[in-house]
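Now for the letters of each chain:
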Amino acid sequence: MATPGDATPIPSGLLDLADRSASPAAVRVALARLHESVPDALDDSARDEPLAHSLVAVLAASRSLTRLIEARPLDSLATLATNGIRIEPPATSPEELVGWRNLEFLRIAARDLTGIDSLDTVGANLAALGRDVLDVACQLTGEDETSIAVIGMGKLGGNELNYSSDIDVMFVGEGSRQALDRRARAIMDIARKCFRVDANLRPEGRDGPLVRTVESYEAYWDRWAEPWEFQALLKARPVAGDLALGERWFEAAQRWLWARPFDAEALRSLRAMKARTEAEVARKGLGNRELKLGPGGIRDIEFTVQLLQLVHGHLDPDLRGATTLTMLDELADAGYVDHSDASKMASAYRELRTVEHRLQLVDEQQVHTLPTDAVALDHLARVMGRRDEPRGTAAEQLERELHLIQTTVRGIHERVYFRPLLEAFARATTDGAPISAEATEVRLAAFGFIDARRTAAALGELTRGLNRSSRLMQQMLPLLLDWLSLSPDPDLGLLLIRNLLTGPRQSRQIAETFRESPAAAQSLCTIAGTSRLLGDIIAANPDLVARLPLPEQLATKDLNGLVATATASMELRDGPSEQQASLRRWQQRNLLGIAARDLFDHADVEQVGRDLTTLAEATIESALQSLEPQIPFAVIGLGRFGAAELAYGSDLDVIFVHQGSSADDIDEARRLAKSLMRMIGGSTPAARLYEIDCDLRPEGKNGPLSRGIDSYAIYWREHALTWERQAMTRARVVAGNRTLGDELLDEIEPWVWGPGLSAEAIRDIRRMKARIEAERIPMGEDPDFHLKLGRGSLSDIEFTVQMLQLQYDVKATGTIDGLRALAQSDVLDPEDAAILDEAYEFCERVRNRWFLVNSAPSDSMPTQPESALWLARSLDTEPGALREHYRRVTRRSRSVVERVFYGLPAKS
């Protein structure tokens, strides 16, 4: 027998295999080491062709397995020589278990790398390895007074484990809680010598008990479980320990999982979680390198399968399996997924998972991203069987193939939920529909489309005819339905899009836009499913659809730019009626841009308020210019208009000032004021641009519409009340003769800002606020969730800020600016200012969004469940969570208001 020091050469057959392998240099180094330690065994391996191929394949693919072979050469070579035989795990000690695990892992990898086993089999073999480790751990920790079962989750439960997957587990047990907890930890301690073991999918995660009874699990599922936890139960299976107890747990889990349909809100929450994960991938700049979580990756396929299981599984028991590829086949056979789509997804899944396996085999690390290092990427491509060719290097070929796979998978993922439904609608009068009417209604409802018959009618109209645009729409419809399903009200969105595409001219224009910009189509679906008001604006201005995905094209111009475009539009029209109609269309087009930026989170609350204010200023300025004033005339904005904090539903509070005291001057001022109010307010509600309100002028409705500066000065000096002084804190010139307007503001400045507030004036403001709270909430609006007049909401904060500004002479344009100025002036504690600011911005954002969703003004959160749901969806939350958020911020705000505004002692 040769000794380790013999200089006999490495068998040439092995060297030939090494040179043709994915990593010739690394294999040669490993063979040399083996030749030094076990030359005879290596010579024997060279004569056993399957063994030689297995050895070289493993050495070329995996550094960690190379270290194992070098550390235990004889055992490793014996395992590779008999890799068709699976040895049962030893239940003697943790150390023996670890040794067995390593050799079994080697056996599985060798069969995989040499093409003996398919991906499906490899995943099942790895899962069996995980189950065996857990079962032995249970045996080694057995205690008479406890009964415990291990529940496999994720890929372990799905029988499709990766080489470096976590072993996700939960525990169910009977017996002393302390003993169960001790035993579960002991099981994990042993298993962690072989795998990463994670028990954080259990109820309440790390904060929850490690082991629960079946009854405790059921109580949790009944009251607390989130949709993602039910999704996780799809793959939950008993894998070790007391299997009878595990089966009892499994039967209970299946009852809770399938007892009722998976509703639209639950589905939406799962899709939102996935979207957040993809956004995080994008934020990290991983893009197509991320094989698992990126667009077109493994998760797209798994998620598609799981969602369709959740949607249809309560009616179809055949869809309740745990293995992705098995369920994909079942979905296709039952007509829930198009066969061609299913075949492409299955092929892509196998390829992506294989690449993932090869990445993980290198060092047994949890890796899902393609390497950026050129050498590592080349090695991966070669392990995958690619070699340099004229069409590209091995790495280039692999990257192209993966990009094609990811593009294909993403395209299917975006269409797969609705393509079979469209086929079902198309074949509704035949027996050949791929999916039953009941299953069609179930899927539509799960994705938010409540009226299946109306949906079918709308889709029929959208695809009727054989012209070019209708053929494009047939191709686009699965995507449109998918995008609509993510909007707050999919039924509304489908109705508006159908109406938008009814006219042949509009249909062609929109279809061309969709073809050139799918992002525009997606943005349109979001808007159409959010707001009837905005949908109607788009229907009247279909050219705006192309701008929707482009924030820079939606941005509001500055005041001069807006006035220029508005006046240019009006100059093309004759007569006040046509000019008013032109101005209204111009205003609506610009309003759409503001609202779209708001909906797509391109503008915060402050920016929306500023943009709405600038639009209103430009509207009034353009209207006033069209009236061709014959005297200096200015418009002063008050309230939110003057504060530059308009909301979508805000009135425009204004007063008018003119120069001149002759009868002709007064008549001209009256003409301008009345004509301006008529042009802005409209002759009918349909023609209205804004609700314009002049009631804050001296003497209210009994006073003249416009006054000269001297008349204002006399009134304010001799007759004005405290509330009128408070109103003027927001006075600002918004249109007309700026010099004249500034003169008026200069005249009143000493009266508004100079003297502070007397004790009586403070009492006046407080009494007015208390009267508003008691009297002004309209019938039918919820006082407990009123965004404007509720305790701690907008009105509370506005009154507090205005009183403090007057009391301490702190000038600022609006409420948010006022809070900042008061904090910077040490009038208001910064923490109190932050609390008020948070409540103000929350209430303002919700009120703005409710206006868009409701397509009409309303100052309280909706009480009708359906409306509350649409509003919450638009804000990416749930109705209960939205109300709880309101309670939290307004409760804190009210405590500050009571202390700072009302002077009440702080609550302990």
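Residues numbered from 1 in each chain as written. Predicted model: local features only at pLDDT ≥ 70, side-chain atom pairs only at ≥ 80, totals over all residues. Heavy atoms only, no water.

Caption draft 1: Structural context of the overall build of the chain. Broken down by element type, the chain carries 42 helices and 10 strands. Dimensions along the principal axes, computed over C-alpha positions, put the chain at roughly 125 × 70 × 60 Å. Restricting to contacts in the chain with at least 6 residues of sequence separation, those with at least 24 account for 72%. Roughly 38,800 Å² of accessible area belongs to the chain as shown, and the carbon and sulfur atoms make up 50% of that amount. Of the charged side chains in the chain, 107 are positive and 136 negative, and the gap between their average positions amounts to 2 Å. (Helix = DSSP H or I, 4+ residues; strand = E, 2+ residues; numbered from the N terminus. Contact = heavy atoms within 4.5 Å. Areas by Shrake-Rupley, 256 points an atom, 1.4 Å probe, with all protein chains shown as cover. Lys, Arg positive; Asp, Glu negative; His and termini not counted. Charge placed at Lys NZ, Arg CZ, Asp CG, Glu CD.)

Caption draft 2: Broad picture of unusual backbone geometry. Look at Glu 364: it is not a glycine, yet its phi comes out positive at around 55 degrees. Here Glu 364 shows up in the loop between helix 17 (339-363) and helix 18 (374-383). One non-glycine residue, Asp 601, adopts positive backbone phi at about 60 degrees.

Caption draft 3: Molecular detail of the pattern of salt bridges. Considering all chains together, one arrives at 67 salt bridges under this definition. A salt bridge links Asp 695 to Arg 697; the shortest N-O distance between them is 4.0 Å. Arg 697 sits in the buried class, given a relative accessible area of 7%. Salt bridges linked by common partners bring Lys 274, Glu 278, Asp 300, Arg 410 and Glu 414 together as one network. (Salt bridge = Lys/Arg side-chain N within 4 Å of Asp/Glu carboxyl O. Buried < 20%, exposed > 50% of the residue type's maximum accessible area, 1.4 Å probe, protein only.)

Caption draft 4: How the structure looks around the nonpolar core. Formed by 154 residues in total, the largest nonpolar core has its most connected members in Trp 221, Trp 249, Val 355, Val 635, Tyr 648 and Leu 676. In contact with Tyr 648, other than residues within four places in its own chain, are Leu 591, Ile 594, Ala 595, Asp 598, Val 608, Leu 612, Asn 848, Phe 851 and Leu 852. Leu 14, Val 27, Trp 100 and Leu 161 belong to the second-largest nonpolar core, a separate cluster that totals 68 residues. (Core = buried A, V, L, I, M, F, W, Y, C linked by side-chain atoms within 4.5 Å.)

Caption draft 5: Representation of helix 1 (residues 12-19) in the model. Of all the residues in helix 1, the buried ones are Leu 14, Leu 15, Leu 17 and Ala 18. Angular distribution of buried residues about the axis of helix 1 spans 160 degrees; they occupy a single face of the element. Residues of helix 1 that are buried in the fold lie against helix 2 (24-37), helix 3 (39-47) and helix 4 (49-61). (Arc of directions from axis to C-beta.)

Caption draft 6: Here's a closer look at the state of the cysteines. Counted by the stated rule, this structure contains 0 disulfides. Free cysteine: Cys 194, not disulfide-bonded; nearest cysteine sulfur from Cys 138 at 13 Å. (Disulfide = S-S within 2.5 Å.)

Caption draft 7: Expanded view of the pairing of strand 5 (residues 237-241). Most of strand 5 sits out of view: 4 of its 5 residues are buried. In this structure, strand 1 (residues 147-152) lies alongside strand 5, joined through 4 bridges in antiparallel fashion. Bridge pairing in strand 5 links Ile 151 to Pro 238. (Pairing = 2+ DSSP bridges.)

Caption draft 8: View of the packing of aromatic side chains. All told, the structure shown has 14 aromatic pairs when counted by the stated rule. Taking the centre distance of 5.7 Å and the plane angle of 15 degrees together, the rings of Trp 716 and Trp 751 count as stacked. Taken together, the positions of Trp 716 in helix 34 (residues 709-718) and Trp 751 in helix 36 (residues 738-753) put the pair 35 residues apart, joining distant regions of the chain. Under the relative-accessibility criterion, Trp 716 is labelled buried at 5%. A residue is classified by how much of its surface remains accessible, and Trp 751, at 22% relative accessible area, is partly exposed. A centroid spacing of 6.3 Å and a plane angle of 90 degrees characterise the contact between Phe 799 and Phe 901, whose relative ring orientation is edge-to-face. A residue pair is termed long-range when its members are at least 10 positions apart, and Phe 799 in helix 38 (residues 794-808) and Phe 901 in the segment after helix 42 (879-900) qualify at 102 residues. Phe 901 shares its class with Phe 799; the two are buried. (Phe/Tyr/Trp six-rings, centres within 6.5 Å; stacked < 30°, edge-to-face > 60°.)

Caption draft 9: Inspection of the side chain of Gln 579 at higher detail. Inspection of the secondary structure puts Gln 579 in helix 30 (residues 575-599). With near-sequence residues (within four places) excluded, Gln 579 lies in contact with Met 570, Arg 573 and Ser 626.

Caption draft 10: Region of the structure containing helix 16 (residues 324-333). Along helix 16, the residues that are buried comprise Thr 324, Leu 325, Met 327, Leu 328, Leu 331 and Ala 332. Summarising the axial view, the buried residues of helix 16 lie within an arc of 160 degrees, below the 170-degree limit, and thus occupy one face. Contacts made by the buried residues of helix 16 are with helix 8 (119-140), helix 15 (298-312) and helix 17. Following helix 16 by one or two positions, Gly 335 adopts a phi angle in the positive range, close to 90 degrees.

Caption draft 11: Representation of a negative patch on the surface in the model. Taken together, Asp 710, Asp 742, Glu 743, Asp 746 and Glu 747 make up a surface patch of like negative charges. The element contributing the most residues to the negative patch is helix 36, with 4 residues. Structurally, Asp 742 is set in helix 36. (Patch = residues over 30% accessible without salt bridge, like charges linked within 9 Å, V, L, I, M, F, W, Y side chains within 5 Å.)

Caption draft 12: Spotlight on the packing of helix 7 (residues 94-113) against helix 17. As a packed pair, helix 7 and helix 17 sit with axes 12 Å apart at the nearest point and diverge in direction by 135 degrees. Classified by the angle their axes make, helix 7 and helix 17 are oblique. Considering only the axes of helix 7 and helix 17, their crossing is left-handed. Listed contacts from helix 17 to Phe 105, Ala 109, Asp 112 and Leu 113 of helix 7 are His 357, Arg 358 and Leu 361. Within the contact of helix 7 with helix 17, the residues separate by chemical class into 4 nonpolar, 1 polar and 2 charged. (Axes fitted to C-alpha atoms, helices over the stretch in contact; angles between N-to-C directions. Parallel < 35°, antiparallel > 145°, perpendicular 65-115°, else oblique. Left-handed = near helix turned anticlockwise from the far one by under 90°. Nonpolar A, V, L, I, M, F, W, Y, C, P; charged D, E, K, R; others polar.)

Caption draft 13: Fine view of the packing of helix 31 (residues 605-626) against helix 40 (residues 830-854). Where helix 31 contacts helix 40, the two axes come as close as 10 Å, and the packing angle between them is 55 degrees. In terms of orientation, helix 31 and helix 40 fall into the oblique class. Along this stretch, helix 31 crosses helix 40, giving a crossing that reads as left-handed. In this structure, helix 31 uses Val 605, Glu 606 and Val 608 to contact helix 40, whose residues at the interface are Glu 841, Glu 844, Arg 845 and Asn 848. Here the contact of helix 31 with helix 40 is built from residues that sort into 2 nonpolar, 1 polar and 4 charged.

Caption draft 14: Here's a closer look at the side chain of Arg 111. Locating Arg 111 in the fold gives a position in helix 7. With relative accessibility at 16%, the residue Arg 111 sits in the buried group.

Caption draft 15: Spatial organisation of the confidence of the model for the chain. With 96% of its residues at a pLDDT of 70 or more, the chain has an overall mean of 92. When the criterion is pLDDT under 50, residues 1-6 qualifies, and its contacts beyond four places in sequence or with other chains add up to 7 contacts. (pLDDT = per-residue confidence, 0-100.)

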